[in-house]
Amino acid sequence: MRLVLTADTHLPKRARDLPEQLWTAVEAADVVLHAGDWVDESLLDAMTARARRLVGVYGNNDGPALRARLPEVARVDLDGLRVAVVHETGPRTGREQRCAARFPDVDLLVFGHSHIPWDTVAPNGLRLLNPGSPTDRRSQPHATYIEAETTRGSLESVRLHTLPRR
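Treat the numbers as computed from the prediction; the structure is a model and nothing was measured.

Parameters and conventions
- Every chain is numbered independently, its residues counted from 1 as its sequence is written.
- Selection of residues for local features in this predicted model requires a pLDDT of at least 70, selection of side-chain atom pairs for listing and counting requires 80 or more, and totals for whole chains, interfaces and linings are taken over all residues.
- Excluding hydrogens and water, the side-chain values take into account all heavy atoms of the structure.
- We define the nonpolar core as a collection of buried residues of types Ala, Val, Leu, Ile, Met, Phe, Trp, Tyr and Cys that are connected through side-chain atoms lying within 4.5 Å of one another.
- Here's how the labels work: a residue is buried when its accessible area is under 20% of the maximum for its type, exposed when over 50%, partly exposed in between, all with a 1.4 Å probe on protein chains only.
- In DSSP terms, a helix is any run of H or I states spanning at least four residues, a strand is any run of E spanning at least two, and both are numbered starting from the N terminus.
- Residue contacts are defined here by distance: any two heavy atoms, one from each residue, within 4.5 Å place the two residues in contact.
- Strands qualify as paired when DSSP identifies two bridges or more between them.
- Note on geometry: axes are C-alpha line fits, over the in-contact stretch for helices, and angles between N-to-C directions span 0 to 180 degrees.
- By definition in this entry, angles of less than 35 degrees are roughly parallel, angles greater than 145 are roughly antiparallel, angles of 65 to 115 are roughly perpendicular, and the rest are oblique.
- Put simply, Ala, Val, Leu, Ile, Met, Phe, Trp, Tyr, Cys and Pro go in the nonpolar bin, Asp, Glu, Lys and Arg in the charged bin, and everything else, Gly too, in the polar bin.

Peer 1: Describe the nonpolar core, with residues and values.
Peer 2: Residues Val 4, Leu 18, Val 26, Val 32, Trp 38, Leu 43 and Met 47 are the most contacted members of the largest nonpolar core, which totals 21 residues. Elements supplying a minimum of two residues to this core: helix H1 (20-28), helix H2 (41-50) and strand E9 (143-151). Other than its neighbours up to four places away in sequence, Val 26 contacts Val 4, Val 32, Met 47, Arg 50 and Ala 51. Counting 20 residues, the second-largest nonpolar core is a separate cluster that includes Leu 3, Ala 74, Leu 108 and Ile 146.

Laid out in structure tokens, this is it:
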């Protein structure tokens, strides 16, 4: 199963649209996971139309309209891989332990908020992934997103993709 992970898209404040490379990945994926800060409902509508399956949550920059349509935390089973998606996980210090305690029954936690790519494993085996942002790189050298593959409940590969500067 092919996954695309993205977050912190901030449309149309940080960009007019997502980069074409990300849209191509979205259309090819089996599941797209978006960890919040969409900012405008039109992106949710566009991604819903273009993705085979979309799992998303709202972020701190998402207003009442998006919060009415999206949960704060989404949980999904992807062929045996137990996944949770959330926008904020708190400070980087202690993140693995805090998330392992909050999500004890999850194999993969996808989160956003910082715009900083993150890939670690908590002591209990929980994998934490933050795809960064495809539109607002902040202090990072590149805007980013993640593609991953699963097989029979196992996360087989994770690739961080960098996007060209706009």
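Peer 1: Outline the sheet that holds strand E6 (residues 108-110), supporting the account with residue identities and numerical values.
Peer 2: Taken in spatial order, the five strands make up an open sheet running E4-E5-E6-E8-E7, and their pairing is mixed. Strands with a single pairing partner mark the edges of an open sheet, and in this sheet they are strand E4 (73-78) and strand E7 (118-121). Across the sheet, the mean angle from the axis of one strand to that of its neighbour is 15°, orientation sign disregarded. Of the strand pairs in this sheet, E7 and strand E8 (residues 127-130) are connected by four bridges, and their pairing is antiparallel. For Asp 119, the partnering residue across the bridge sits in E8 and is Leu 129.

Peer 1: Explain the packing of H1 against H2 residue by residue, including any values.
Peer 2: Two numbers describe how H1 lies on H2: the axes approach to 9 Å, and their chain directions differ by 45°. Between H1 and H2, the crossing angle belongs to the class labelled oblique. Contact with H1, carried on its side by Glu 20, Trp 23, Val 26 and Glu 27, involves Leu 43, Ala 46, Met 47 and Arg 50 of H2 and no other residues of that element. Partitioning the contact of H1 with H2 into residue classes produces five nonpolar, no polar and three charged.

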